Amino acid sequence: MTSAAPSTPSASGHVLLVDDEPAYQRLGASFLRQLGYRVSVAGDVDSALQAFADDRPHVVLLDLAMPPSMDPQAGLSLIPHFAQSVVVVLSGHGERDIALQAVERGVWDFLTKPIDPDVLRLVLTRAMHKARLDEQVRALRSAQQGQDPGEMGLIGQTAAMQQLRALVQRVGATSVNLIVLGPTGTGKELVARALHQCSPRADGPFAVIHCGALSAELLESELFGHLKGSFTGAHRDQPGLLETAHGGTLFLDEVGEMPAPMQVKLLRFLQEGSFLPVGGRELRRAEVRVIAATHRDLEAMVQAGTFREDLFYRLKGMVLRTPALAERAADVPVLAARFLKHVAPQARLSADAMQWLQSRDWPGNVRQLRAVVESAGALIAPGSTLVDAELLKFANGDTTHLPESPGADAAGTQGTAADSHGALDAAMLELETRMLRDAMAQAGGNQSEAARRLGISRVGLIKKLGRLGLK
């Protein structure tokens, strides 16, 4: 890497150079900067991981010989950690088996030292182009899901959510098993999916199973699969989730509910990487990353003897915690607006609706908030774009706060209907009244136009207006 680089920067992007030789670091960084790249430098495994976590590069130039052992395996072990970056190996080891191992672990190109500067310049140009295309693909996928790519589905700008996203990005690139803890309704599966998307397994399968929803027998069949004739109704061989998730991620939802017999079998798989399908005699293998989640206190369950201690520590490579909505109340308006957009893209929340949302405790956390907002959005009268507090209260099941229907004092018909048919009839009257009012307002008081908007006859509209006291 000694030839002169272009004097005028002609490239852009961030490159992380990982090499243990200080002289090569200086020379390489200087060459890359002259090409127009922003450069970070690291000389060992720890500093490389830290540099990657601090500012994810587009391209990683990686020397495989890492101190203290200087064994190429040290550099190879780093490759899975550099998820969502294009990795180019620069190695003094030209052995074929090492190159094959590097490619198997996700390396995009492999260059043997000494490196021709013109070759490196060309490889970098192509690698940076690939990195940009990968970014666009991720952005498009996120846009299709209505997400900001940086959010990973984890919405919110409070310190708690920013810290959670940072942790997901940092540990997602590793291969360690994880436990996600948090109250019900706080998005533990969303965290698991974000971890999967941040990992080298992102293109692999993501399999989900709820450990408390099945008996021990059914759970075993779902996880490990079964052979034909192994039990009544087993008419054919059926692979389990471990096989179908090979090369990807297995999410064990509510692992604290897992029956004791299955805890033993899961532990055996985590220890040995092999399992027996129901009715089988030959071991099968699967390579998956396991992410478990629960709202229970697993450590207390271990102390009580209801959850195996050895399984707990096998699962607990790292622990992430999802905050309750009460701990991130400032995110409620952002979450509510996003959820409303899912069902009514043109709708908005009124000021009193926002005030009511922020005044609630939300014991069901984000799940409850989403259900209420989306239900209210689905009940908006045709032609209306506003969700107010009263509609949210009804969607939340709080029928005592429904306002009296118009005309109740004059005719008494609405009060009679509510008394005789209950809160549901009162709510339907309220919604019908809003629809009629909105249609008349949009039609400028023209009954024929309002009837057309509502899809009814003018005579039918006049009757409804009279019945509801809206003349």
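## Some words on the overall build of the chain
Line of reasoning, step 1. Looking only at helices and strands, one finds 21 helices and 16 strands in the chain.
Line of reasoning, step 2. Out of the 471 residues belonging to the chain, those deemed buried represent 44%.
Line of reasoning, step 3. Counted over contacts in the chain with a minimum sequence separation of 6, partners at least 24 positions apart contribute 68%.

## A short note on the side chain of Asp 331
Line of reasoning, step 1. The residue Asp 331 is located in the loop between strand 14 (319–321) and helix 13 (332–343) in this model.
Line of reasoning, step 2. Within the structure, the side chain of Asp 331 is placed 2.8 Å from the backbone nitrogen of Gln 157, a separation counted as a polar contact.
Line of reasoning, step 3. Among the polar contacts made by the side chain of Asp 331, one reaches the side chain of Thr 158 at a distance of 2.7 Å.
Line of reasoning, step 4. Residues in contact with Asp 331, not counting those within four places in the same chain, are Ile 155, Gly 156, Gln 157, Thr 158 and Met 161.

## Description of the side chain of Thr 158
Line of reasoning, step 1. Along the chain, the position of Thr 158 falls in the loop between helix 5 (117–144) and helix 6 (159–172).
Line of reasoning, step 2. If sequence neighbours within four positions are ignored, Thr 158 has contacts with Arg 328, Ala 330 and Asp 331.

## Examining the packing of aromatic side chains
Line of reasoning, step 1. Evaluation of the coordinates by the stated rule reveals 6 aromatic pairs.
Line of reasoning, step 2. Ring geometry for Phe 224 against Phe 275: centres 5.7 Å apart, planes inclined by 20°, an arrangement best described as stacked. With Phe 224 in helix 8 (residues 216–224) and Phe 275 in strand 11 (residues 274–275), the pair connects residues that are 51 residues apart, well separated along the chain. Note on accessibility: Phe 224 and Phe 275 belong to one class, buried.

## Section: the pairing of strand 2 (residues 38–42)
Line of reasoning, step 1. As paired elements, strand 1 (residues 14–18) and strand 2 share 5 bridges and run parallel to each other. In the sheet register, Leu 16 faces strand 2, and the bridge partner there is Ser 40.
Line of reasoning, step 2. Chirality of the crossover, the property in question, places the unit of strand 1, helix 1 (residues 22–34) and strand 2 among those that are right-handed.

## Some words on the packing of helix 8 against helix 10 (residues 260–272)
Line of reasoning, step 1. Two elements in contact, helix 8 and helix 10, have axes separated by 9 Å at closest approach and are oriented at 20°. Comparing the axis directions of helix 8 and helix 10 gives the class roughly parallel. Helix-helix and strand crossings are classified by hand; for helix 8 and helix 10 the assignment is right-handed. Residues Ala 216, Leu 219, Glu 220, Leu 223 and Phe 224 of helix 8 form the contact with helix 10, whose participating residues are Met 262, Lys 265 and Leu 266.
Line of reasoning, step 2. A breakdown of the residues in the contact of helix 8 with helix 10 according to their chemical character gives 6 nonpolar, no polar and 2 charged.

## Quick look at unusual backbone geometry
Line of reasoning, step 1. You will see that Glu 254, though not glycine, has its phi angle at about 50°, which is positive.
Line of reasoning, step 2. Its identity as a non-glycine residue notwithstanding, Asn 365 has a phi of 60°, on the positive side.
Line of reasoning, step 3. Tracing the sequence through the fold places Asn 365 in helix 15 (residues 365–378).
Line of reasoning, step 4. For Asn 365, a relative accessible area of 5% puts it in the buried group.

## So, helix 10
Line of reasoning, step 1. Here helix 10 is 13 residues long and its end C-alpha atoms lie 19 Å apart, about the 18 Å a rise of 1.5 Å per residue gives.
Line of reasoning, step 2. Each element contacted by the buried residues of helix 10 is listed here: helix 8, helix 9 (241–244), strand 10 (249–253), strand 11, strand 13 (289–294) and helix 12 (309–315).
Line of reasoning, step 3. Positive backbone phi, at 75°, marks Gly 273, one or two positions downstream of helix 10.

## Structural notes on the pattern of salt bridges
Line of reasoning, step 1. Under the criterion given, the structure shown has 12 salt bridges.
Line of reasoning, step 2. With its nearest N and O atoms 2.6 Å apart, the salt bridge here joins Asp 55 to Arg 38. Taken together, the positions of Asp 55 in the loop between helix 2 (45–54) and strand 3 (59–62) and Arg 38 in strand 2 put the pair 17 residues apart, joining distant regions of the chain.
Line of reasoning, step 3. Looking at Asp 55, the relative accessible area reads 31%, which means it is partly exposed.
Line of reasoning, step 4. Residue Glu 189 is joined to Arg 193 by a salt bridge in which the shortest nitrogen-to-oxygen separation is 3.0 Å. Highlighted residues: Glu 189 and Arg 193, both in helix 7 (residues 188–197), separated by 4 residues, approximately one helical turn.

## Focus on the confidence of the model for the chain
Line of reasoning, step 1. For the chain, per-residue confidence averages 81 on the pLDDT scale, and residues scoring 70 or more make up 82% of the total.
Line of reasoning, step 2. Within the model, pLDDT remains below 50 along residues 400–423, and this stretch shows 31 contacts once partners closer than five positions in the same chain are excluded.

## A closer look at the packing of helix 13 against helix 14 (residues 351–359)
Line of reasoning, step 1. Running from amino to carboxyl end, helix 13 crosses helix 14 at an angle of 120°, the nearest separation of the two axes being 10 Å. Judged on the interaxial angle alone, helix 14 and helix 13 are oblique. Between helix 13 and helix 14 lies a crossing of right-handed hand. When helix 13 is examined against helix 14, the residues Val 332, Pro 333 and Ala 336 are found in contact with a partner set consisting of Met 354, Leu 357 and Gln 358.
Line of reasoning, step 2. Across the contact of helix 13 with helix 14, the residue classes break down as 5 nonpolar, 1 polar and no charged.

Reading guide: rules and limits
Residues numbered from 1 in each chain as written. Predicted model: local features only at pLDDT ≥ 70, side-chain atom pairs only at ≥ 80, totals over all residues. Heavy atoms only, no water. Helix = DSSP H or I, 4+ residues; strand = E, 2+ residues; numbered from the N terminus. Buried < 20%, exposed > 50% of the residue type's maximum accessible area, 1.4 Å probe, protein only. Contact = heavy atoms within 4.5 Å. Polar contact = N/O pair within 3.5 Å; in protein donor to acceptor, adjacent residues only side chain to side chain. Phe/Tyr/Trp six-rings, centres within 6.5 Å; stacked < 30°, edge-to-face > 60°. Pairing = 2+ DSSP bridges. Right-handed = clockwise from strand over helix to strand, strands pointing away. Axes fitted to C-alpha atoms, helices over the stretch in contact; angles between N-to-C directions. Parallel < 35°, antiparallel > 145°, perpendicular 65-115°, else oblique. Left-handed = near helix turned anticlockwise from the far one by under 90°. Nonpolar A, V, L, I, M, F, W, Y, C, P; charged D, E, K, R; others polar. Expected span 1.5 Å × (residues − 1). Salt bridge = Lys/Arg side-chain N within 4 Å of Asp/Glu carboxyl O. pLDDT = per-residue confidence, 0-100.

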